[in-house]
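Letter by letter, the chains look like this.
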Amino acid sequence: MNREGVLPFPAKRFDTFESVLKIDAESQRRLLHVGDEVEQVWASWALGLKLGAHIIPELVECLKTCRFPGTRRHFLVVLAGLGERETLEKYAVSDPAPLVRATACRYLARTAEPGDALTERFLFERLREDTSPEVREAILEELGLDKNRPGHRQE
């Protein structure tokens, strides 16, 4: 309890995505900011489903301050589903965690329109410049160039 005698939100922890999905959007927004890592992920998904593109600016702000790579990865997946490709490009280049950069590259590839030369060029640039094996593998897989992967596309 704080000085005003009010329990900080949330008074209880949520243990399932379904429980977060059932609360109102304002409570989901608060959970996005003050919940634990898993609750923040659930809140981002719930808000994406409930509010669509209207949640993008707030989610991008949360992404900037999030300390947890796993949570940032989920935020990027939600943003990808909402069409926020600019943020994906930014995190594909600048996130300190290789797996976050790999996720950003994966979802850039997965959400690109067929024949999108700009995205392909961007991903080939990341392939050349990013030294992380996780990032490079993600790009190779998404572009169908991973020769070690079963079912590799022969061109």
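Residues numbered from 1 in each chain as written. Predicted model: local features only at pLDDT ≥ 70, side-chain atom pairs only at ≥ 80, totals over all residues. Heavy atoms only, no water.

### Quick notes on the nonpolar core
In plain terms, the rule: By convention a nonpolar core is built from buried Ala, Val, Leu, Ile, Met, Phe, Trp, Tyr and Cys residues, the set being connected through side-chain atoms within 4.5 Å. For each residue, the accessible area found with a 1.4 Å probe, counting protein chains only, is set against the maximum for its type, and the residue is called buried under 20%, exposed over 50%, and partly exposed in between. In this text, helices come from DSSP runs of H or I with a minimum length of four residues, and strands from runs of E with a minimum of two, each type numbered from the N-terminal end. Should any heavy atoms of two residues lie within 4.5 Å, those residues are considered in contact.
Grouped together as the largest cluster of nonpolar side chains are 39 residues, with contacts concentrated most on Val20, Leu32, Phe75, Leu76, Leu123 and Ile139. Secondary structure elements with two or more residues in this core: α2 (25-34), α3 (37-51), α4 (56-65), α5 (69-81), α6 (85-94), α7 (98-111), α8 (117-129) and α9 (133-142). Sort the elements by how many residues they give to this core and α7 lands first, with 6 residues. Not counting chain neighbours up to four residues away, the residues in contact with leucine 123 comprise Cys105, Leu108, Ala109, Ile139 and Leu143.

### Some thoughts on the pattern of salt bridges
Heads up, the condition is: Any Lys or Arg side-chain nitrogen located within 4 Å of an Asp or Glu carboxyl oxygen qualifies as a salt bridge.
All chains considered together, the criterion is met by 11 salt bridges. Here lysine 64 makes a salt bridge to glutamate 61, at a shortest N to O gap of 2.9 Å. Note that lysine 64 and glutamate 61 are positioned in helix α4 at a spacing of 3 residues, about one turn of the helix. The exposure class of lysine 64 is partly exposed, given its relative accessible area of 46%. Here arginine 126 ties to glutamate 129 by a salt bridge, and the two come within 3.4 Å at their closest N and O atoms. Here arginine 126 pairs with glutamate 129, and both are found in helix α8, just 3 residues apart, close to one helical turn. Judged by its relative accessible area of 6%, arginine 126 is buried.

### Digging into the environment of arginine 13
Relative to the assigned elements, arginine 13 resides in the segment before α1 (17-21). Looking at arginine 13, the relative accessible area reads 46%, which means it is partly exposed. Along the primary structure arginine 13 and leucine 31 are separated by 18 residues, whereas in three dimensions their C-alpha atoms are 9.8 Å apart.

### Some words on α6
Under the convention used in this document: The arc in question is the one traced by the directions running from the helix axis out to the C-beta atoms.
Turning to α6, its buried residues are Thr87, Leu88, Tyr91 and Ala92. The arc that holds the buried residues of α6, viewed along the axis, is 140 degrees, so those residues lie on one side. In the core, the buried residues of α6 are packed alongside α4, α5, α7 and α8.

### A look at the side chain of glutamine 40
Within the secondary structure, glutamine 40 sits in helix α3. Classification of glutamine 40 as buried rests on a relative accessible area of 12%. When residues no more than four places from it in sequence are discounted, the contact partners of glutamine 40 are Leu31, Leu32, His33, Gly35, Thr71 and Phe75.

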